[in-house]
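# Residue-level structural notes
The chain contents come next:
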Amino acid sequence: MLGAGPPMLLFCLFIVVPMIAAVLMSFVKWNGLGAPRWAGGANWAEFFSDPVARTSVEVTVKLVVLSYVVQTPISLGLGLFTAGRQRYKTVYATIFVLPLLMSTAGIALLWESLLDPNFGALTALSKSTGLSFLNQNWLGDPHLTLYVVVAIIAWQFIPFHTLLYAVGRRQVPQALYEAALLDGASPWQMLWRVTLPQLRYTIVTSGILMIVGSLTYFDIIYIMTDGGPGYTTRVLSLDMYNVAFLQDQYGYASVLAVILSVVGIAIAIGLVRFSGFASMASQQEGAA
Amino acid sequence: MHRVSAPRIRGRRWLAAGAAVATAVVLAACGSAAGGGKTSASGGGAKGKTVTMWLVTTGPSPANTAVENLVKSFEKSHPGDHIDYNFVENQSYKQKIQLAMGAGNAPTIFWTWGGGTLQQYIKAGDVASLGHPSWMSDFLPSSLGAVTDQGKLYGIPVEGTQPVYFFYNKQIFSKYHLTFPKTWNELLSTVKTLKSHGVTPISLAEGDQWPGLMYLEYLTDRIGGPSVAQALQSNKKGAWSNPAVTKALSDIQQLVRAGAFQSGYDSLKFSGGGSDALVYSGKAAMQLMGDWDISSILGSDPSFVKGGNLGMAPFPTVAGGTGNPADLAGNTASYVSISSKATATQKKIAEEFFADALTSPSYAKSEVGAGEVPVTKGASPMFAGQSLASYDKTIYNSVEHAPSFQYSWDQAMTPQVANVMLTNLAQVFELSETPAKFESLLNNQAASGS
Amino acid sequence: MRRRFTVGKAVALVLATIWLVIVAAPLYYMILASLRTQGTYLTSSPWIPSGSLSTSSYGTVFDAGLGRYLLNSVVLTAVCVVLTVTISLGAAYRIVRRRSRAVSASFTVMLFGLAIPVQAIIVPMYVLIYKMHLYDTLFALILTLSAAAVPVSVLIMVSFVRDIPRELIGAMLVDGGGEWTVFRRLIWPLSRPVLATLAIYDGLNVWNNFLLPLVLTQSSSVAVLPLGLTKLEGLYSVNVPAVMAGVLLSVLPLLVLFIFMRRQVMNSLGGMIAR
């Protein structure tokens, strides 16, 4: 078990090999049946003239940025809060984690019925409390739906990042806080001078998972909006799914897959190199 | 910087070697999968006298049970034969069967809507032809078109017919002294009247996209007759610019502008039951839907249906239109076909299952018992004594006598066109796309897809 | 000073309680909806438990064979988590200690896997599994889901193992321990909290995965929970209360596991690394 061999073997056989096949497929026309036809760069040319793909790229970028901006501060705050040792904080933490434990299909159905504009629980709440802003066409308003989707994805995944931050906060040596307290630091200063610098690696890890995760995010959007209204929530992974499995254009779908993977890899490697992980690489390099 | 780059170069060489091996493996795998016309056991290791069968689930409902019982009795009367069946949820099924087909691993018997998707499989040589079996004459002629290609039959109906009608709340109509509109103009004025009383005229589940298509199908037929849809389905050049399509699309937008649909119609899904609830709770007056809506509403609010409050009416006529008012649109039936990759023994068992079991009157009877309307000839007397007999009889008669039964376009057309059509039609319903734009997009898609 | 501290704490408590409501209110709604029927869940009050309530949805869920799917999911998840977490830790240790160039290169290669969406490679993956005669087995799911979890797991483990002071490892090696001893006596116990976090992450990904079980299996004997839940969906309708009941039931075993795991995560630390 000790070594890079076993995971490498699994990874190469079931991920790398299929990925290479996907790259090859991006150069053929294939409807999933019969023999593929060589297409050269035709699929790739199609990408640059496809307005739907361009929209999908824009929607994906919005989703990734919004997800990061929304999830990080909330997760960090809740993580620091639940890192405390008081009993009631354990209770809070246990309730906080519940959305993470639910199957995605269940979450989608739950929010669909909550947000139903006719019978939904929010509409009912709006009627009984008079808060009219709660009565919206949440999943049908082209100006609103992407934000609703971002919020639901946040609802599902903030618990995990909260957990990461809570674990990270517990690892910070108590001595550092005691020293800061002796220097007369306020709690706010301690947050900036001790907690955040100490959580650097956690922030990077959580950031990579968040960004790469929302880049390829699919499930909730597929079930709830299927990309609509119009193309306002059609992220790239959904576009790829539609092109492959509903339009039977596997070659072009592979182009989208390759682009999605390459962008994701570039972001991941960029984050690794230009953040805390990079110092590890050079430090190790020096040592070796 | 160069300290970091050294292992990267080594990594690349390592990767190159891996890639070479990987490519070889994948090419070998794909090559034999795609080129393999030779017969092999189908459906993941089914052997000998076992055949596999994939069906789309209708939920934990009586229709599933009817098929299960049928398999049981078939296995009893054909000792040694075994049918290993599996129900799959509808939305996931398309992907599952497509992958299995592509890899030559399809089940012996597979469920299909027929139409454009089945035609792709036929073209790729994945479906076994049934020729001209004697049981063909047992079924209503309109029910076999979706599984017929160049005069040959490729499937058999497995579940009932599903034409589309308007379903309406009779209480609302009688309260405001309305009768169900017979023409499009009457429909528009009914909409106006209902709105003036604060009732949502029409419930629409456009979040699913296919409910809106029903309007386009019917309007096109009422305006230009069945030949318009036939031209669309064969991807004729410029077919989408037909004036009947243009008029149908602008009629749809007229209805939207009249405020006929409930708020949030563009995100509501039929599956959650919301669009039904609008009708039976009296918030909306009517809904255009397939005949499954009867059992769907019965499941949610039995007293509403049993109290005789659910009305059913054909789609209105359009002034100046050439289509026959008795024409229908919807799913003629759902079907099962046989994979061409199955062994000779498996094919023989499957054909026996078709000829002996699926065509049997007792199966048609149990379908009726499950609330389905079968497409076998002479089924009319079977409905006697059923709780929904009056609806079922009307449906059966209208199917039997329909001059044309237009198959749902999203199933009839090739997948390349169908998906784009649904997405863009939803935008027509949202008034964010003009009919002209819709038509030019679809003309292009049809040209590139064929 | 003391006063500001209290104000800050109060604000934190208020904000956390707001989030608590955001999480709990939908869950409350879900529980209530699961106690209604398909016909009444939409038309009766979503927040007040009035009218007729019944547990019949829970019966529907068990009739649909949820028990079997639950068992398959538990087995699959447990095996995948143990497999992934163990091999990732081993790999991370080797990558950080880095004795060979191939090992360091493999880390770079694995980073490539971070952003490959499964939908992108599902077609070749399917062909591969089929050709390996693994179609319709739990084994196919174990291999593919573990493989998909490898990149993230290795990344997280590497970032953790890297933080273990080199002096500790050095000291143990000087004392005559081999690499294996260092791994077993030092790395393994120190990694427990991270392993638990990772186990939760990987476990949930496996538990929730729908696409791979859908296309790589067909028999109900190997069907997992996400597939099982779709059996409550019909051609045109979804039994929403039953699905809600099913989801709530499936959360229970995970919740128990989480409470246990969290204690592991939170208590085994206490500044071990600092010392």
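Because the structure is predicted, anything quoted here is derived from the model rather than measured.

Turning our attention to the overall build of chain C. Helix and strand counts for chain C stand at 12 helices and 0 strands. Going from the N terminus to the C terminus, chain C shows its helices and strands as α-α-α-α-α-α-α-α-α-α-α-α. The globule rule puts the C-alpha radius of gyration for 275 residues at 19 Å, and the 23 Å found for chain C is more than 25% above it. Judged by the C-alpha coordinates and their principal axes, chain C covers about 75 × 70 × 30 Å. Taking all 275 residues of chain C together, the buried fraction comes to 55%.

A few words on the overall build of chain A. Looking only at helices and strands, chain A features 15 helices and 2 strands. Its C-alpha atoms give chain A principal-axis dimensions of roughly 75 × 70 × 35 Å. Here chain A holds 288 residues, and the buried ones make up 52% of them. Pairs at least 24 apart in sequence give 67% of the contacts found in chain A among residues at least 6 apart.

Looking now at the packing of helix H7 (residues 210-224) of chain B against helix H17 (residues 415-429) of chain B. Residue and element names in this part refer to chain B. The interhelical angle for the contact between H7 and H17, taken along N-to-C directions, is 80°, at an axis separation of 9 Å. When the axis of H7 is compared with that of H17, the two are roughly perpendicular. Residues Trp210, Gly212, Leu213 and Leu216 of H7 form the contact with H17, whose participating residues are Leu422, Leu425, Ala426 and Phe429.

A few words on the confidence of the model for chain A. Averaged over every residue, the pLDDT of chain A is 85; the share at 70 or more is 94%. Predicted confidence is poor over residues 278-288 of chain A, with pLDDT under 50, and the contacts of this stretch with residues over four places away or in other chains come to 10 contacts.

Right, let's talk about helix H6 (residues 104-115) of chain A for a bit. Residues and elements named next belong to chain A. Between its terminal C-alpha atoms H6 stretches 16 Å, which fits the 16 Å expected from 12 residues at 1.5 Å a residue. Counting buried residues in H6 gives 11 out of 12 residues, a clear majority hidden from the surface. Those residues of H6 not exposed but buried are Ala105, Gly106, Ile107, Ala108, Leu109, Leu110, Trp111, Glu112, Ser113, Leu114 and Leu115.

This part is about the pairing of strand E11 (residues 328-331) of chain B. Residues and elements named next belong to chain B. Strand direction decides the pairing type here: strand E7 (residues 162-169) and E11, joined by 2 bridges, are antiparallel. Bridge pairing links glutamine 162 to asparagine 331 in E11. For E11 and strand E13 (residues 405-407), the ladder comprises 3 bridges, and the chain directions are parallel. Opposite leucine 328, over in E13, you have phenylalanine 405 as the bridge partner.

Residues and elements named next belong to chain C. As far as domains go, chain C holds domain 1 (1-54) and domain 2 (65-267). For domain 1 versus domain 2, the distance between C-alpha centres works out to 32 Å. Between domain 1 and domain 2, the residue contacts involve 8 residues of the former and 6 residues of the latter. Split into classes, the residues belonging to the side of domain 1 that touches domain 2 amount to 4 nonpolar, 3 polar and 1 charged.

Burial runs low along helix H9 (residues 174-182) of chain A: only 0 of the 9 residues are buried. A:Gly184 lies just past H9(A) and shows a positive phi near 80°.

What follows deals with the sheet that holds strand E6 (residues 156-159) of chain B. Residues and elements named next belong to chain B. If you trace the 5 strands from one edge of the open sheet to the other, you get E2-E1-E3-E12-E6, paired in mixed fashion. The sheet is open, and its two edges are formed by strand E2 (82-88) and E6, each paired on a single side. Strand-to-strand, the axes of this sheet are offset by a mean angle of 30°, without reference to chain direction. As judged from the 2 bridges shared by strand E1 (residues 50-56) and strand E3 (residues 109-112), these two strands associate in the parallel manner. Opposite methionine 53, over in E3, you have isoleucine 109 as the bridge partner.

So, on to the pairing of E7(B). Residues and elements named next belong to chain B. Of all 8 residues making up E7, 8 are buried, and the element is well covered by its neighbours. Alternating positions in E7 separate into two faces, Gln162, Val164, Phe166 and Tyr168 on one and Pro163, Tyr165, Phe167 and Asn169 on the other, with burial throughout. As paired elements, E7 and strand E9 (residues 284-290) share 5 bridges and run antiparallel to each other. Residue pairing for E9: phenylalanine 167 is matched across the bridge by glutamine 287. Relative to strand E10 (residues 310-313), E7 runs antiparallel, the two being bridged by 4 bridges. Directly across from phenylalanine 166, in E10, lies its bridge partner alanine 313.

For the rest of this paragraph, the subject is the interface of chain C and chain A. Each partner contributes to the interface: chain C provides 87 residues, whereas chain A provides 76 residues. Examining the composition of the side of chain C that touches chain A, we find that 15 residues originate from one element, helix H1 (residues 2-34) of chain C, more than from any other. In the side of chain C that touches chain A, the residues fall into 66 nonpolar, 16 polar and 5 charged.

Residue and element names in this part refer to chain C. With 91% of its residues at a pLDDT of 70 or more, chain C has an overall mean of 81. Highest mean pLDDT in chain C belongs to helix H3 (residues 66-97) (87); lowest belongs to helix H4 (residues 101-112) (74). Here residues 269-275 scores under 50 on pLDDT; set against residues more than four positions off or in separate chains, the count is 10 contacts. Our summary of model confidence lists the complex with pTM equal to 0.84 and ipTM equal to 0.85.

So, on to the nonpolar core. Judged by nonpolar contacts, the single largest core of 314 residues is most densely connected at A:Met240, B:Ile252, C:Ala92, C:Tyr126 and C:Met157. Among the elements that take part in this core, helix H6 (residues 138-161) of chain C stands out by supplying 17 residues, more than any other. Ignoring anything within four residues of it in the chain, the contact list for C:Ala92 reads C:Val154, C:Met157, C:Val158 and C:Val161.

All names here are of chain C. Looking at the element boundaries, isoleucine 187 is found in helix H8 (residues 179-190). The spacing of isoleucine 187 and methionine 244 is 57 residues in sequence and 42 Å in space, taken between C-alpha atoms. Not counting the four nearest positions on each side in its chain, isoleucine 187 is found in contact with Tyr93, Val161, Ile164 and Val182.

Moving on to the environment of B:Gln120. By the secondary structure assignment, B:Gln120 is in helix H4 (residues 115-123). According to the C-beta neighbour criterion, B:Gln120 is buried, with 21 such atoms within 10 Å. Considering only alpha carbons, one finds B:Gln120 and B:Ala103, 17 residues apart in sequence, at a separation of 15 Å. What B:Gln120 contacts, discounting residues up to four positions off in sequence, is A:Asn31, A:Leu33, A:Asp248 and B:Thr414.

A separate point is the environment of B:Pro374. Residue and element names in this part refer to chain B. Residue placement: proline 374 occurs in the loop between helix H14 (361-369) and helix H15 (389-401). Separated by 215 residues in sequence, proline 374 and glutamate 159 have C-alpha atoms that sit 6.8 Å apart. When near neighbours in sequence (up to four residues on either side) are disregarded, proline 374 contacts Gly160, Ala364, Glu367, Val368 and Ala379.

Now for unusual backbone geometry. For A:Asp226, which is not glycine, the phi torsion reads 50° and is therefore positive. Its place among the elements puts A:Asp226 in the loop between helix H12 (219-224) and helix H13 (236-246). Overall, A:Asp226 belongs to the buried group, with 21 C-beta atoms counted inside 10 Å. For C:His133, which is not glycine, the phi dihedral falls at a positive 60°. Within the secondary structure, C:His133 is located in the loop between helix H5 (118-131) and H6.

All names here are of chain A. It is the contact of helix H3 (residues 51-82) with helix H4 (residues 87-96), at a shortest axis distance of 9 Å, that shows an interaxial angle of 140°. The angle between the axes of H3 and H4 places the two elements in the oblique class. On the side of H3, the interface is formed by Leu78, Phe81 and Thr82, while H4 contributes Lys89, Tyr92, Ala93 and Phe96.

About the cut-offs
Residues numbered from 1 in each chain as written. Chains lettered and ligands numbered in written order. Predicted model: local features only at pLDDT ≥ 70, side-chain atom pairs only at ≥ 80, totals over all residues. Helix = DSSP H or I, 4+ residues; strand = E, 2+ residues; numbered from the N terminus. Rg over C-alpha atoms; globule rule 2.2 N^0.38 Å. Buried ≥ 20, exposed ≤ 12 C-beta atoms within 10 Å, placed from the backbone. Contact = placed C-beta atoms within 7 Å. Axes fitted to C-alpha atoms, helices over the stretch in contact; angles between N-to-C directions. Parallel < 35°, antiparallel > 145°, perpendicular 65-115°, else oblique. pLDDT = per-residue confidence, 0-100. Expected span 1.5 Å × (residues − 1). Pairing = 2+ DSSP bridges. Domains from an automatic or database assignment. Nonpolar A, V, L, I, M, F, W, Y, C, P; charged D, E, K, R; others polar. Core = buried A, V, L, I, M, F, W, Y, C linked by C-beta atoms within 7 Å.

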